[in-house]
Amino acid sequence: MTMTIEELYKAAEPLPAREKLQLARRLLSDIPSESIVDYRDSWSEEDIREATLHSLRHAESALGEDLNDV
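All values reported here derive from a predicted model rather than from experimental measurement.

Caption draft 1: Structural context of the overall build of the chain. A count of helical and extended segments in the chain gives 3 helices and 0 strands. Mapped in sequence order, the helices and strands of the chain form the string α-α-α. Whereas a compact globule of 70 residues would reach a radius of gyration of roughly 11 Å, the chain reaches 25 Å, over 25% beyond that. Within the chain, the proportion of its 70 residues that are buried is 1%. Element-wise, carbon and sulfur atoms account for 55% of the exposed surface of the chain, whose accessible area totals about 7000 Å².

Caption draft 2: Spatial organisation of the layout of surface pockets. Each pocket or cavity is described by its volume, and for the largest pocket that value is around 210 Å³. Taken together, I5, L8, Y9, A12, E13, K20, L23, A24 and L27 make up the full set of residues lining the largest pocket. At the level of secondary structure, the elements contributing two or more residues to the lining of the largest pocket comprise helix 1 (5–12) and helix 2 (17–29). The residue makeup of the lining of the largest pocket, split by class, is 7 nonpolar, no polar and 2 charged.

Caption draft 3: Focus on a nonpolar patch on the surface. A grouping of M1, M3 and L8 is seen on the molecular surface, where their side chains present a nonpolar patch of about 380 Å² in accessible area. Note that L8 resides in helix 1.

Caption draft 4: Broad picture of the environment of R40. Note that R40 resides in the loop between helix 2 and helix 3 (45–63). The class for R40 is exposed, based on a relative accessible area of 71%. C-alpha of R40 to C-alpha of A11: the two residues are 29 residues apart in sequence and 37 Å apart in space.

Caption draft 5: Looking closely at the environment of Y9. Here Y9 lies in helix 1. By relative accessible area, which is 52% here, Y9 ends up exposed. Each C-alpha atom, one on Y9 and one on E45, is 38 Å from the other, the two residues being 36 residues apart in sequence.

Caption draft 6: Fine view of helix 2. For helix 2, which comprises 13 residues, the first-to-last C-alpha distance of 18 Å matches the rise-based estimate of 18 Å (1.5 Å per residue) to within 8%. Of all 13 residues in helix 2, 0 are buried; the element is thus mostly exposed.

Calculation notes
Residues numbered from 1 in each chain as written. Predicted model: local features only at pLDDT ≥ 70, side-chain atom pairs only at ≥ 80, totals over all residues. Heavy atoms only, no water. Helix = DSSP H or I, 4+ residues; strand = E, 2+ residues; numbered from the N terminus. Rg over C-alpha atoms; globule rule 2.2 N^0.38 Å. Buried < 20%, exposed > 50% of the residue type's maximum accessible area, 1.4 Å probe, protein only. Areas by Shrake-Rupley, 256 points an atom, 1.4 Å probe, with all protein chains shown as cover. 1 Å grid on protein atoms, 1.4 Å probe; cavity = no way out; pocket = protein on both sides within 12 Å on 5 of 7 lines; lining within 4 Å. Points joined across faces, edges and corners; volume = space filled by probe spheres on them. Nonpolar A, V, L, I, M, F, W, Y, C, P; charged D, E, K, R; others polar. Patch = residues over 30% accessible without salt bridge, like charges linked within 9 Å, V, L, I, M, F, W, Y side chains within 5 Å. Salt bridge = Lys/Arg side-chain N within 4 Å of Asp/Glu carboxyl O. Expected span 1.5 Å × (residues − 1).

Written as C-alpha cells, this is what we have:
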C-alpha cells in the first residue's frame, strides 16, 4: 500500500519532536546528492542583460536594422 504525503504527515504528527527530527534526518539523508540542484552555475540578472544585449546587437548586425525602433 502506498501512502500519500498527507497520510504520512498525519501518521508522524503525534510523534514527539525528537522522533520527528530523526525522521526528517532519515528522509533527507536518503536523497541522492545528484538530485540536488546546484544553483552556483545560475545566471545572474546582469548575465541575462548582457546576453540579451549581445543577442540584440547580433540581430541588428545580421539584419542590417536598428532594433531600437522596435
